[in-house]
Amino acid sequence: MQARYFAIRDYPRGMPPRELFELHSQTLPELGEDEVRIRNTWLSVDPYMRGRMSGMRTYIAPFELDAPLEGAAIGEVIESRHSRFKSGDKVRHMAGWRDIAQLKGDVLEPLPDMEVPEQAYLGVLGMPGMTAWTGLNRIANLREGDNVLVSAASGAVGSLAVQLAKATGGTVVGIAGAADKLEWLEEHDIRAVSYRNKDARQLSADLEEACPEGFDVYFENVGGACLEAALNRLKVGARIAVCGFISRYNDEAQQQGPGNLSNLLIKRARMQGFIVFDHWTEYPHFLEEVGPRVAQGEIDYEETIEEGLERTPDAFLKLFEGANRGKMLVRL
Ligand code: NDP
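Residues numbered from 1 in each chain as written. Predicted model: local features only at pLDDT ≥ 70, side-chain atom pairs only at ≥ 80, totals over all residues. Heavy atoms only, no water.

Asks: It is not clear to me how the site of the ligand should be interpreted in this structure. Could you clarify?
Replies: Close contacts around the ligand come from 28 residues, with Lys181, Tyr195, Tyr249, Val276 and Asn324 the closest. One of the side-chain N or O atoms of Tyr195 is found 2.4 Å from an oxygen atom in the ligand. Between Asn324 and the ligand, the recorded distance is 2.5 Å, taken from a side-chain N or O atom to an oxygen atom. Burial of the ligand by the protein chains amounts to 93% of its free accessible area of 910 Å². For the shell around the ligand, the secondary structure elements donating two or more residues are helix H2 (127-139) and helix H3 (156-166). Residues that form the shell around the ligand fall into these classes: 17 nonpolar, 9 polar and 2 charged. Shared between two domains, the shell around the ligand takes at least three residues from each, and those domains are domain 1 (2-123 + 302-331) and domain 2 (127-277). (Near = heavy atom within 4 Å. Polar contact = N/O pair within 3.5 Å; in protein donor to acceptor, adjacent residues only side chain to side chain. Areas by Shrake-Rupley, 256 points an atom, 1.4 Å probe, with all protein chains shown as cover. Helix = DSSP H or I, 4+ residues; strand = E, 2+ residues; numbered from the N terminus. Nonpolar A, V, L, I, M, F, W, Y, C, P; charged D, E, K, R; others polar. Domains from an automatic or database assignment.)

Asks: Got a minute to help me understand empty space enclosed by the protein in this structure?
Replies: To locate leftover empty space, one rolls a probe as large as a water molecule over the atoms. In the structure shown here, the tally under the stated rule is 1 cavity of 30 Å³ or more. The element best represented in the lining of the largest cavity is H3, accounting for 3 residues. When residues of the lining of the largest cavity are sorted by domain, at least three fall in each of domain 1 (2-123 + 302-331) and domain 2 (127-277). (1 Å grid on protein atoms, 1.4 Å probe; cavity = no way out; pocket = protein on both sides within 12 Å on 5 of 7 lines; lining within 4 Å. Points joined across faces, edges and corners; volume = space filled by probe spheres on them.)

Asks: Please clarify how the environment of Ile299 should be interpreted in this entry.
Replies: Note that Ile299 resides in the loop between helix H8 (283-295) and strand E14 (303-307). The exposure class of Ile299 is buried, given its relative accessible area of 3%. The sequence separation of Ile299 and Gly326 amounts to 27 residues, and the corresponding C-alpha distance is 12 Å. Excluding anything up to four places from it in sequence, Ile299 contacts Val124, Leu160, Gln163, Leu164, Val290, Arg293 and Val294. (Buried < 20%, exposed > 50% of the residue type's maximum accessible area, 1.4 Å probe, protein only. Contact = heavy atoms within 4.5 Å.)

Asks: Mind showing me how you'd approach the side chain of Thr134 here?
Replies: Among the structural elements, Thr134 can be located in helix H2. We classify Thr134 as buried; its relative accessible area is 0%. Excluding its chain neighbours within four sequence positions, the residues that come into contact with Thr134 are Ile139, Phe274, Val276 and His279.

Asks: I would appreciate a short explanation of unusual backbone geometry in the present structure.
Replies: Glycine aside, a negative phi is what most residues show, and trans is what most peptide bonds show. Residues other than glycine seldom take positive phi values, yet Asp34 does so here, at roughly 65 degrees. If you trace the backbone, Asp34 turns up in the loop between strand E2 (21-27) and strand E3 (35-44). A relative accessible area of 37% places Asp34 in the partly exposed class. Its identity as a non-glycine residue notwithstanding, Asp66 has a phi of 60 degrees, on the positive side. Along the chain, Asp66 turns up in the loop between helix H1 (48-52) and strand E4 (73-80).

Asks: Looking at this structure, I do not really get the environment of Arg196. What am I missing?
Replies: For Arg196, the location among the structural elements is in the loop between strand E10 (191-194) and helix H5 (200-210). Residue Arg196 is classed as partly exposed on the basis of its relative accessible area, which comes to 37%. Along the backbone, Arg196 and Gly177 are 19 residues apart, and their C-alpha atoms lie at a distance of 5.8 Å. Aside from chain neighbours lying at most four places away, what touches Arg196 is Gly177, Ala178 and Glu321.

Asks: Teacher, can you tell me more about the nonpolar core here?
Replies: As a rule of thumb, soluble globular proteins bury nonpolar side chains together. Counting 66 residues, the largest nonpolar core has Phe21, Trp97, Leu125, Leu136, Val290 and Phe316 as its most contacted members. Counting only domains with at least three residues in this core, you end up with domain 1 (2-123 + 302-331) and domain 2 (127-277). Beyond its immediate sequence surroundings of up to four residues, Leu125 is in contact with Arg92, Met114, Val116, Ala120, Tyr283, Phe286, Leu287, Val290, Gly291 and Val294. Grouped together as the second largest cluster of nonpolar side chains are 22 residues, Phe215, Leu231, Val242 and Leu264 included. (Core = buried A, V, L, I, M, F, W, Y, C linked by side-chain atoms within 4.5 Å.)

In structure tokens:
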């Protein structure tokens, strides 16, 4: 059987060019013992993949050049030599960026049995959803009545973070780019602030207008001016969950950090980074808490879908243009 996959031939500097991604074809070997063959139906593209294209080890190894790229995917088993899986089973795994995956059965996760579309396990009930829940509950220690600020607030992580925060009763403010994203936030009773064409001073002023008392929690997805503005608007004892710095992922040289870090001292605030995979043993707990709320429509989630394996690099690159609302996905 033939499989197609994307690989990169170089580690890019700055914004990766589209030509970096090459589509290859290979003939798959016969299934080995305990192996399973899967026809992928949905692929996830995520900002963290940019770090794996840097050529350097971060908290995870870089992608290998000219080898199939990796990422979360959902698919259907089409052939199995593993006792736990049979044809027709739906599974989640990390062999994305390709149409057919062939893997040892013990790295596959059967999809949980909930009344949600299967691709939800790549978004709101997958790694991004788990990230929102972990950042708020385990890193920022969200409490009743907290005022919460979230950047990239209409994306996969941010859109769940604002809704979980809203349920605790304080003022929730979301920072986002395009007008339709701001509207989505306002429809969900979240105060929306655009960061476009603003420096940190202007953004601070807009955050003050949106929530004059300041913030107990900042869920950081972006860095740069958003972080600097948020640092100006902390309440005493504030907690910052550092989830991501997407505005910096394509920087060619290291940039200067915000000049107002002294606010951490003045406000006796805590700032802590986290990687969701370190908390994965809590995934069943997250599913139990958030899954039914998604299934019952109490939590809203959006998807931006590109069609076909060939569009996978385009979907990935669009994350850095803000072209997605909610989870960015590729449907095969
Ligand atoms: P999103 O769905 O939020 O997509 C990325 C969004 O980031 C874009 O839609 C855009 O929204 C915004 N963005 C892109 N470039 C910039 C920029 N230069 N300045 C400001 N905003 C920008 O992605 P995810 O929800 O998957 O990820 C959100 C963040 O969480 C990322 O930083 C990611 O790396 C991080 N993350 C961290 C994890 C962890 O374990 N720590 C796990 C998963 C994600 P807009 O239109 O509003 O600009």
